[in-house]
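Topology and contacts: notes
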Amino acid sequence: YYTCIHSDITRFLKSIKFAVKYLEKQKIDDIKFLDVGCGVGQKLYLVSEIFDIAADGIELRKAYIDNFPYTSHISKVFHINAFDFNKYHKYDIIYFYCPIRDYNKQKELERLIANKAKSGALIIGFDSHFFVKCVNGEYDLELKNLGIKPLNRNLEIWIKNKIC
């Protein structure tokens, strides 16, 4: 697992803005956001404060959670391994930025998230391994079988559908 790494905040906010607008057009009330590998919680804070939506995180390192510098009344952090988390289906937006160094483990986690996400959920995976084929213009059969298709290639947003 990585120590805390930071993704581009501008890119992140553009993706979240697009995702929230898309879900609002779909008449989704009470949008729920999940950051897989949330680190110290900066993105949870931004999502809850700027977009006023429920923002939860998963973090394996207890030290990050214990020293959480950001506070928000609508954010929750689960101290759990992302592979053991069993609530992916409760979220409308699932975000990650390569929380695992090992290529195959990261790919396995992305596959798990794709499998467990609910229909209509948006998956934002910056620099992902599993979803990268969509960005490169290919369409992986396994992604199709999991009901995943690109919604916005530039912002690296995928949507989970029952049927692609």
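Right above here is the structure, for reference.
Note that this is a predicted model, so its numbers are computed, not measured.

**Observations concerning the side chain of Asp92**
Along the polypeptide, Asp92 turns up in the loop between strand E3 (75-79) and strand E4 (93-96). Asp92 sits in the buried class, given a relative accessible area of 6%. At 2.8 Å, the side chain of Asp92 and the backbone nitrogen of Lys32 are in polar contact. Among residues more than four places away in sequence, those in contact with Asp92 are Leu23, Ile28, Asp30, Ile31, Lys32, Lys118, Ala121 and Leu122.

**Some remarks on helix H2 (residues 42-50)**
Restricting attention to buried positions, one finds in H2 the residues Lys43, Leu44, Leu46, Val47 and Ser48. Here the buried face of H2 lies against helix H1 (9-25), strand E1 (32-36), strand E2 (54-59), E3 and E4. Positive backbone phi, approximately 55°, marks Asp52, located one or two places after H2.

**Things to note about the sheet that holds strand E7 (residues 157-160)**
In a beta sheet, neighbouring strands are held together by backbone hydrogen bonds and run either parallel or antiparallel to one another. Strand order across the open sheet formed by seven strands is E3-E2-E1-E4-E5-E7-E6, with mixed pairing between neighbours. Of all strands in the sheet, those bounded by a partner on one side alone are E3 and strand E6 (148-152). Adjacent strand axes in the sheet meet at a mean angle of 25° when their direction is disregarded. Most of the contacts of H1 go to strand E5 (residues 122-125), to which it runs at about 175°, and overall it touches E1, E4, E5, E6 and E7.

**Observations regarding the pairing of E4**
Residue alternation in E4 divides its side chains into two sets, Ile93 and Tyr95 and Ile94 and Phe96, and both sets are buried. In terms of strand pairing, E1 meets E4 through four bridges, oriented parallel. By the bridge assignment for E4, Asp35 is matched with Tyr95. Pairing of E4 with E5 involves four bridges; the strand directions are parallel. Opposite Tyr95, over in E5, you have Ile124 as the bridge partner.

Here is what the cut-offs are and how they apply
Residues numbered from 1 in each chain as written. Predicted model: local features only at pLDDT ≥ 70, side-chain atom pairs only at ≥ 80, totals over all residues. Heavy atoms only, no water. Helix = DSSP H or I, 4+ residues; strand = E, 2+ residues; numbered from the N terminus. Buried < 20%, exposed > 50% of the residue type's maximum accessible area, 1.4 Å probe, protein only. Polar contact = N/O pair within 3.5 Å; in protein donor to acceptor, adjacent residues only side chain to side chain. Contact = heavy atoms within 4.5 Å. Pairing = 2+ DSSP bridges. Axes fitted to C-alpha atoms, helices over the stretch in contact; angles between N-to-C directions.

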